[in-house]
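If you want the building blocks of each chain, they are given just below.
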Amino acid sequence: MGIPHLSRRSFLTAVSAGAAAVTAAPLLAACGDGGSGSDGKVTIEWMDIATTEPSKTIYPKIAKAYEAAHPNVRIKLTNLENEAFKSKMTALTASGKVPDIFVTWGGGVLKQQIDAGLVKDLTSSASSLLDTVTPVSLKPYQFDGKTYAVPYDMGMVGFWYNKRHFEKAGIKAPPKTWAEFLDDVRKLKGAGITPIALGGKDKWPGMYYWAYLAMRIGGLTAMQQAAKTNDFTGPAFVGAGQHLKELVDLQPFQPGFQNAGFDSPGGEAATVGAGKASMELMGQWAPAVEKDASGKGIADDEGWFPFPSVDGGQGALTDVFGGGNGHALGKDAPKEAIDFLAFLINTENEHELVSSGAFMPVVKGAESALADPGRKQVAEALGGSTGFQLYLDQAFPPAVGQQVNDSVAALIGGKATPEQVAQQVTKAAKSQ
């Protein structure tokens, strides 16, 4: 799963003209009811996950800027924390009413909403807008030749690490293999440094390890085959659990990690941002959330490296795991919603948001706005990737994705074996 990001237009002009922040709507009591009222004004219900800076401030400003340029439109923005958002969207999907605009990571979750007839097909109605974005950023939202969301961020998961900690532990270069990675964990512990921060309470951060290990062992073909057969009991997935257990047995995580959230006070991001742990396996948003959660971040001391290869594995180091962040439209969303999304990622706003340090570019040509070395590495790795796998809790139907998260969390917590994880996920997949 991902964290939110945004876009631009002459939003700076409108904002500086005096636009104040949008007040978050109560909790979308009447989702999907946006449209023209009796007074001719249009209300757009927008539900997102921008609960950390800079998105928490930028989103309302962009909405207010759009309202200033379009007096007949009102944007009602509600921001929810990641897990709360997913729970809310599950309930709204079941009710048959979704917001006019809502964040999506694509994959099986979006496909379920599409199959339920709740999402607008944007292929024709937003074609001019879709033509401005990079083709790779559209992939998570495309099914049967049609596009159902507009991306606003695209990236991948990798290790963000503290260079000073590595130097103190005598680690001269980031690890390239899983064996080297485990050895570096031992070195960090020997130097009195907590090797890894993990938001165990949220579960999905732990899933990243299992997914990447399965990819490195069996290659993307193993993941694709499992998706077709609903069978995750093969060597790649059992092996992923075994290698993850090797890591867990080293006790690499911060004290209390099982009760820690990702972006909550004292959680994963805050621990790394405060210099209390050396690494986290996370998406491109990590440095921005670390800074927001800890109040400082580690700035120039932060580096990035891709998930290591596994000796004897079939997966390439250039196969990446991650995904995009996009916005889908409810089937009854007013036409102004598409115009707002175009406003959100026009050239000026795209450059501003990428420059903020929290967003990876989706608009063609916006790569020039990247200044941070780590984020440039992410962009280069994504650009040179040989294969791409969407987050597992989004790639598969919701029940399967949740089972992956739950089972991997149980493994990390010492309550499930690698074989049990594979069996539990397979059972959930076959029951769909």
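Here's what I pulled together on the structure shown here. Keep in mind that what you see is a predicted model, and the values were worked out from it rather than measured. (Residues numbered from 1 in each chain as written. Predicted model: local features only at pLDDT ≥ 70, side-chain atom pairs only at ≥ 80, totals over all residues. Heavy atoms only, no water.)

Side note on the overall build of the protein chain
- For the protein chain, the helix and strand inventory stands at 18 helices and 12 strands.
- Within the protein chain, the proportion of its 432 residues that are buried is 58%.
- Nonlocal contacts in the protein chain, meaning residues at least 24 apart in sequence, comprise 78% of its contacts between residues at least 6 apart. (Helix = DSSP H or I, 4+ residues; strand = E, 2+ residues; numbered from the N terminus. Buried < 20%, exposed > 50% of the residue type's maximum accessible area, 1.4 Å probe, protein only. Contact = heavy atoms within 4.5 Å.)

Structural notes on helix 17 (residues 398-412)
- Along its 15 residues, helix 17 runs 21 Å from first to last C-alpha, staying within 8% of the 21 Å computed at 1.5 Å per residue.
- Next to the buried residues of helix 17 lie helix 9 (204-229), helix 10 (235-248), helix 16 (392-395) and helix 18 (418-430). (Expected span 1.5 Å × (residues − 1).)

Let's talk about the packing of aromatic side chains
- Per the stated rule, a full pass over the model turns up 28 aromatic pairs.
- Where Tyr66 meets Phe340, the ring centres are 5.2 Å apart and the plane angle is 80 degrees; that geometry is what we call edge-to-face. Here Tyr66, found in helix 2 (residues 55-69), pairs with Phe340, found in helix 13 (residues 336-344); they are 274 residues apart in sequence, far enough to count as distant.
- Taking the relative accessible area as the measure of exposure, Tyr66 reaches 1% and is therefore buried. (Phe/Tyr/Trp six-rings, centres within 6.5 Å; stacked < 30°, edge-to-face > 60°.)

Quick look at the sheet that holds strand 10 (residues 302-305)
- Taken in spatial order, the 3 strands make up an open sheet running 9-8-10, and their pairing is antiparallel. Edge positions in the sheet fall to strand 9 (279-282) and strand 10, since each has one partner strand and no second. Sheet twist, expressed as the average angle between the axes of neighbouring strands with direction ignored, equals 25 degrees.
- Of the strand pairs in this sheet, strand 8 (residues 158-162) and strand 10 are connected by 4 bridges, and their pairing is antiparallel. In the sheet register, Tyr161 faces strand 10, and the bridge partner there is Gly303.
- Across the sheet, helix 9 lies against strand 8 and strand 9, angled at about 80 degrees from strand 9, the strand it touches most. (Pairing = 2+ DSSP bridges. Axes fitted to C-alpha atoms, helices over the stretch in contact; angles between N-to-C directions.)

So, the packing of helix 9 against helix 17
- Look at helix 9 against helix 17: their axes get within 8 Å of each other, and the N-to-C directions meet at 85 degrees. The angle between helix 9 and helix 17 places the two elements in the roughly perpendicular class. The segment helix 9 lies against helix 17, with Trp204, Gly206, Met207 and Trp210 engaging Val404, Asn405, Val408 and Ile412.
- Residue classes in the contact of helix 9 with helix 17 are distributed as 6 nonpolar, 2 polar and no charged. (Parallel < 35°, antiparallel > 145°, perpendicular 65-115°, else oblique. Nonpolar A, V, L, I, M, F, W, Y, C, P; charged D, E, K, R; others polar.)

Some details on the pattern of salt bridges
- Enumeration over the complete set of coordinates arrives at 10 salt bridges.
- One salt bridge connects Glu83 with Lys86, and the closest N-O pair in it is separated by 3.1 Å. One end of the pair, Glu83, and the other, Lys86, are both in helix 3 (residues 82-95), 3 residues apart, so they sit about a helical turn from each other.
- Lys86 sits in the buried class, given a relative accessible area of 17%.
- Each of Glu83, Lys86 and Asp393 takes part in salt bridges that share partners, so that together they form one network. (Salt bridge = Lys/Arg side-chain N within 4 Å of Asp/Glu carboxyl O.)

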